[in-house]
Amino acid sequence: MKNIQPIILGIAGGSASGKTTVTNTIVDHLDPSTFSVFSHDSYYKDLNAFNGQKPEEINFDHPNALDTELLIEHVKSLKQGKSVDKPCYDFKSFRRLEITEKVNPHPLVIVEGILIFSSEALRELMDIKIFVDTDADERLMRRIRRDTLDRGRDLESILDRYTQSVKPMHMRFVEPSKRWADVIIPRGGGNFVAIDMMLSRIHKMLEAPYEGPGRRRSDKILRKVIV
């Protein structure tokens with residue numbers, strides 16, 4: 001027996017658009033043994049890769065700030081049934097940690113990030129592409145809350161970065177990548193109708209019963225195999 005290739009689900013959208021909420025809602029209705037999640041953020045290059053630049057001088061919202069080639073390599077390996085060592089990134093120090101996270105192949109692989117649709121090579125590995133579309137003002141408020149509470153940054157630095165890089169890079173790279181999406185979810189993670197529809201589709205692709213958000217799930221998704 002051998003495992004068939006996993007389903008690759010891409011979830012993109014602007015910074016603080018609700019990608020993580022959508023991802024968490026999806027995985028909350030799946031058996032933990034059936035999926036793995038990859039955040040593009042884990043693949044930020046280490047501070048040492050920026051030739052002595054200080055963090056405030058680096059455009060972290062440009063595709064060049066991320067090691068997308070490594071993410072592509074990891075997704076290809078998972079499609080081939082191989083385990084990978086996913087990097088771990090510390091947003092407070094802007095450095096990759098020495099430790100990595102071992103990820104084994106699963107029937108469903110979720111890849112999420114603001115720039116994942118900007119890479120043609122990465123897009124071509126995906127079976128479903130979702131774009132989470134949220135109002136810019138709401139995304140900014142969420143970003144302020146996240147970066148102050150979770151990443152230890154002050155308001156002035158958050159607003160400076162938003163003006164200098166986040167908004168311009170969103171308009172240049174993120175917003176145009178929406179055209180590659182198979183499904184666009186308006187209003188972010190609170191759009192449970194759209195998420196419910198996606199969950200139904202995912203369960204159908206995985207050949208398992210589906211009971212919808214908020215309802216108890218009694219059946220586990222079983223890994224598909226070919227004899």
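Residues numbered from 1 in each chain as written. Predicted model: local features only at pLDDT ≥ 70, side-chain atom pairs only at ≥ 80, totals over all residues. Heavy atoms only, no water.

K.L.:
A description of the sheet that holds strand β7 (residues 128-133) should follow, citing residues and the corresponding values.
P.N.:
Sheets are built from strands paired through backbone hydrogen bonds, the pairs being either parallel or antiparallel. Taken together, five strands build an open sheet; the order of strands is β3-β6-β2-β7-β8 and the sheet is parallel. Where the open sheet ends on each side, the last strands, each with one partner, are β3 (35-39) and β8 (183-186). Strand-to-strand twist in this sheet, taken as the mean axis angle between neighbours without regard to direction, amounts to 20°. Summarising the sheet, β7 and β8 pair through four bridges and their orientation is parallel. Across the sheet, the residue bridging to Asp 133 is Pro 186, located in β8. Contacts from helix α2 (residues 68-79) reach β2 (7-13), β3 and β6 (108-112), with the element oriented near 170° to β6. (Pairing = 2+ DSSP bridges. Helix = DSSP H or I, 4+ residues; strand = E, 2+ residues; numbered from the N terminus. Axes fitted to C-alpha atoms, helices over the stretch in contact; angles between N-to-C directions. Contact = heavy atoms within 4.5 Å.)

K.L.:
So what about the packing of helix α4 (residues 136-149) against helix α5 (residues 155-174)? Which residues, and what values?
P.N.:
Where α4 contacts α5, the two axes come as close as 11 Å, and the packing angle between them is 135°. It follows from the interaxial angle that α4 and α5 lie oblique. The interaxial crossing formed by α4 with α5 has right-handed handedness. Contacts between α4 and α5 involve Ala 136, Arg 139, Leu 140, Arg 143, Ile 144, Asp 147 and Thr 148 on the former and, on the latter, Leu 155, Ile 158, Leu 159, Arg 161, Tyr 162, Val 166 and His 170. Partitioned by chemical class, the residues of the contact of α4 with α5 number eight nonpolar, two polar and four charged. (Parallel < 35°, antiparallel > 145°, perpendicular 65-115°, else oblique. Left-handed = near helix turned anticlockwise from the far one by under 90°. Nonpolar A, V, L, I, M, F, W, Y, C, P; charged D, E, K, R; others polar.)

K.L.:
Let's hear about the packing of aromatic side chains: which residues, and what values?
P.N.:
Applying the stated criterion across every chain yields a total of six aromatic pairs. When the ring of Tyr 44 is compared with that of Phe 91, the centres are 6.0 Å apart and the planes differ by 85°; the resulting orientation is edge-to-face. Of this pair, Tyr 44 sits in the loop between β3 and α2 while Phe 91 is found in the loop between β4 (84-90) and β5 (95-103), placing the two residues 47 residues apart along the sequence. For Tyr 44, a relative accessible area of 9% corresponds to the buried category. On the basis of relative accessibility, which here comes to 18%, the residue Phe 91 falls in the buried class. Judged by centre distance (5.9 Å) and plane angle (65°), the rings of Phe 50 and Phe 60 are edge-to-face. You can see Phe 50 sitting in the loop between β3 and α2 and its partner Phe 60 sitting in the loop between β3 and α2, a full 10 residues away along the chain. You can call Phe 60 buried: its relative accessible area is 7%. Aromatic rings pair up to connect Tyr 44, Phe 50, Phe 60, Tyr 89, Phe 91 and Phe 94 into one cluster. Its guanidinium or amino end placed over the ring of Trp 180, Arg 123 lies 3.8 Å from that ring's centre, counting from NZ or CZ. The ring of Phe 91 carries the charged tip of Arg 151 above its face, separated from the ring centre by 3.8 Å. (Phe/Tyr/Trp six-rings, centres within 6.5 Å; stacked < 30°, edge-to-face > 60°. Buried < 20%, exposed > 50% of the residue type's maximum accessible area, 1.4 Å probe, protein only. Lys NZ or Arg CZ within 6 Å of the ring centre and 35° of its normal.)

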